[in-house]
Amino acid sequence: MLTPLFLPVRGGTEVHVYNLAKRLIGLGVQVEVHTSRDTYTERGVLPPEEEIDGIKVVRHSRGWELKGDFDLAHFHNMHRMFTLWNAKTVAFFLSSSRRKVFTPHDSMITERPPPVRWLQRLMISRADRWIAVSEWERKEMAKRGFRVDNSVVINNGVEDEAFELPRQDPVIEGDYLLFLARISPEKNQLFAIECLNRSGLNVKLVLAGEVRDRAYFERIAPLLSDKVIYLGKVDQRTKYSLIDNALALVLTSLMEAEPIVVKEAFVRGTPAIVKDTAGGAVELVKDGLNGFVVRDCESFERAVREVMRNREELSKNARAGTETFRWEYVAKRTLEVYNEVVKGS
């Protein structure tokens, strides 16, 4: 598998690749993860090779290079547009006869200049299979002229810890909403902050996640207060404590393919409030049943008030059916795709 970033970076793509690789190894598949030596904020700081929970990780300083024999290469994510990594990936898809699978993680939906979009369409057309993590993502790519007859939908999974970890004690006092995401414009934290500050709600908004875009964070920083709290990047136990004790998870992103964090919240019995622009998140949230889909600050405030009135019922509905979110299902379905590609079907 090839992904521009990997653990210790813990965004959606990195968590996806980690859990998928781990489960595939458990199914007897030999897997190497090839990635860069970068984090969100620093370049070339991670070791060239390491093993993480049984996964061999090979880190490249510039671009990437595959050596030796392998059955197929599974690529993930191409958000960072003008990079040597992406240039080599495009060249590989256009020129190599090796078997290729690609999971975009919504990176092909972001608006691009026409020449870049043309290359992306050509690249997707050369994939043996590409995997959408939601039906929404596949439909959006079809609207943008991408080939979809070589695609399959395999949803994101949720790690076992979310199912097995006992309910955690609170680390924040009082009622709060949780926005758990990297700090960057596409996550649209400013919308949630504005809505809360305009409302008469007596609740806090807790932001947790690594700063991806410093300029965007500098717009948020002056708005931090006793009511709007930023915790930075948090560890796994703290993450689940925050989820367990929140009134609701909030995700007002401008785009999401299929956010793992919403699924994690549902497994823990926490409803979600998502914006209607959040794409795949809207597929997960059944308005009024396990959360709410909001359009503006007025509907945001109504949703929060409804959660405060009816959280127990929303929590029960959120948890229902989440057993199918386990990564073992994702890995088995992905292995079926690999076998189809290797056999040429």
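Residues numbered from 1 in each chain as written. Predicted model: local features only at pLDDT ≥ 70, side-chain atom pairs only at ≥ 80, totals over all residues. Heavy atoms only, no water.

### Structural notes on empty space enclosed by the protein
So, step 1. Overall, the coordinates contain one cavity of 30 Å³ or more when judged by the stated rule.
So, step 2. Each pocket or cavity is described by its volume, and for the largest cavity that value is around 40 Å³.
So, step 3. Lining the largest cavity are His 16, Leu 20, His 74, Thr 103, Ile 131, Val 133, Ile 154, Val 330 and Thr 334.
So, step 4. Mapped by element, the contributors of at least two residues to the lining of the largest cavity are helix H1 (12-26) and helix H12 (327-343).
So, step 5. Residue classes in the lining of the largest cavity are distributed as five nonpolar, four polar and no charged. (1 Å grid on protein atoms, 1.4 Å probe; cavity = no way out; pocket = protein on both sides within 12 Å on 5 of 7 lines; lining within 4 Å. Points joined across faces, edges and corners; volume = space filled by probe spheres on them. Helix = DSSP H or I, 4+ residues; strand = E, 2+ residues; numbered from the N terminus. Nonpolar A, V, L, I, M, F, W, Y, C, P; charged D, E, K, R; others polar.)

### Notes on the pattern of salt bridges
Any two side chains of opposite charge can pair, on the condition that their charged atoms come close.
So, step 1. Taken as a whole and assessed by the stated rule, the structure comprises 28 salt bridges.
So, step 2. As a salt-bridge pair, Arg 333 and Glu 336 come within 3.0 Å of each other at their nearest N and O atoms. Pair noted here: Arg 333 and Glu 336 are both in helix H12, with a separation of three residues, about one helical turn.
So, step 3. Accessibility expressed as a relative area gives 43% for Glu 336, which makes it partly exposed.
So, step 4. Each of Arg 10, Glu 159, Lys 239 and Glu 264 takes part in a single network of salt bridges with overlapping partners. (Salt bridge = Lys/Arg side-chain N within 4 Å of Asp/Glu carboxyl O. Buried < 20%, exposed > 50% of the residue type's maximum accessible area, 1.4 Å probe, protein only.)

### Topic: helix H11 (residues 297-319)
So, step 1. Taking 1.5 Å per residue, 23 residues should reach 33 Å; H11 reaches only 27 Å between its end C-alpha atoms and comes up short.
So, step 2. The principal kink in H11, of about 90 degrees, is found at Asn 310.
So, step 3. Along H11, the residues classified as buried are Cys 297, Ser 299, Phe 300, Ala 303, Val 304, Val 307, Leu 314, Ser 315, Asn 317 and Ala 318.
So, step 4. On its buried face, H11 sits against strand E8 (176-180), helix H6 (189-198), strand E11 (248-251), helix H9 (260-267), strand E12 (272-275) and strand E13 (291-294).
So, step 5. With a side-chain oxygen positioned 3.3 Å from the backbone nitrogen of Glu 298, the residue opening H11 is Asp 296.
So, step 6. Two residues or fewer after H11 comes Gly 321, characterised by a positive phi angle close to 80 degrees. (Expected span 1.5 Å × (residues − 1). Bend = angle between axes of the 7 residues up to and from the residue. Contact = heavy atoms within 4.5 Å. Polar contact = N/O pair within 3.5 Å; in protein donor to acceptor, adjacent residues only side chain to side chain.)

### Considering the packing of H1 against H12
So, step 1. The geometry of H1 relative to H12 is characterised by a closest axis approach of 9 Å and an angle of 75 degrees between their N-to-C directions. In this view, H1 runs roughly perpendicular relative to H12, as classed from their interaxial angle. Along the contact surface, H1 presents Val 15, His 16, Asn 19, Leu 20, Arg 23 and Leu 24, while H12 presents Trp 327, Glu 328, Val 330, Ala 331, Thr 334, Leu 335 and Tyr 338.
So, step 2. Tallied by class, the residues present in the contact of H1 with H12 amount to eight nonpolar, three polar and two charged. (Axes fitted to C-alpha atoms, helices over the stretch in contact; angles between N-to-C directions. Parallel < 35°, antiparallel > 145°, perpendicular 65-115°, else oblique.)

### Re the state of the cysteines
Between two cysteines, a covalent bond joining their sulfur atoms is known as a disulfide.
So, step 1. In total, this model carries one disulfide according to the counting rule given.
So, step 2. Between the sulfur atoms of Cys 195 and its disulfide mate Cys 297 the distance is 2.2 Å. One quick way to see it: the torsion about the S-S bond of Cys 195 and Cys 297 is about -80 degrees, and its sign makes the bridge left-handed. Of this pair, Cys 195 sits in helix H6 while Cys 297 is found in helix H11, placing the two residues 102 residues apart along the sequence. In terms of burial, Cys 195 and Cys 297 fall into one category: buried. (Disulfide = S-S within 2.5 Å.)

### Description of the layout of surface pockets
So, step 1. Computed from the structure, the largest pocket encloses a volume of approximately 1,200 Å³.
So, step 2. Taken together, 48 residues form the lining of the largest pocket, with Gly 11, Gly 12, Tyr 40, Arg 182 and Lys 187 sitting closest to its centre.
So, step 3. Elements supplying a minimum of two residues to the lining of the largest pocket: H1, helix H8 (236-245) and H9.
So, step 4. Here the lining of the largest pocket gets five residues from one element, more than from any other, and that element is H1.
So, step 5. Within the lining of the largest pocket, the residues separate by chemical class into 17 nonpolar, 14 polar and 17 charged.
So, step 6. Along the walls of the second largest pocket sit 22 residues, with Gln 30, Glu 32, Phe 70, Asp 71 and Leu 72 positioned nearest its centre.
So, step 7. Elements with a minimum of two residues in the lining of the second largest pocket: strand E1 (32-36), strand E4 (73-76) and H12.
So, step 8. Considering every element that reaches the lining of the second largest pocket, the biggest residue donor is H12, with four residues.
So, step 9. For the lining of the second largest pocket, the class distribution of residues is 11 nonpolar, six polar and five charged.

Limitation: the analysis is restricted to geometry and does not speak to function.
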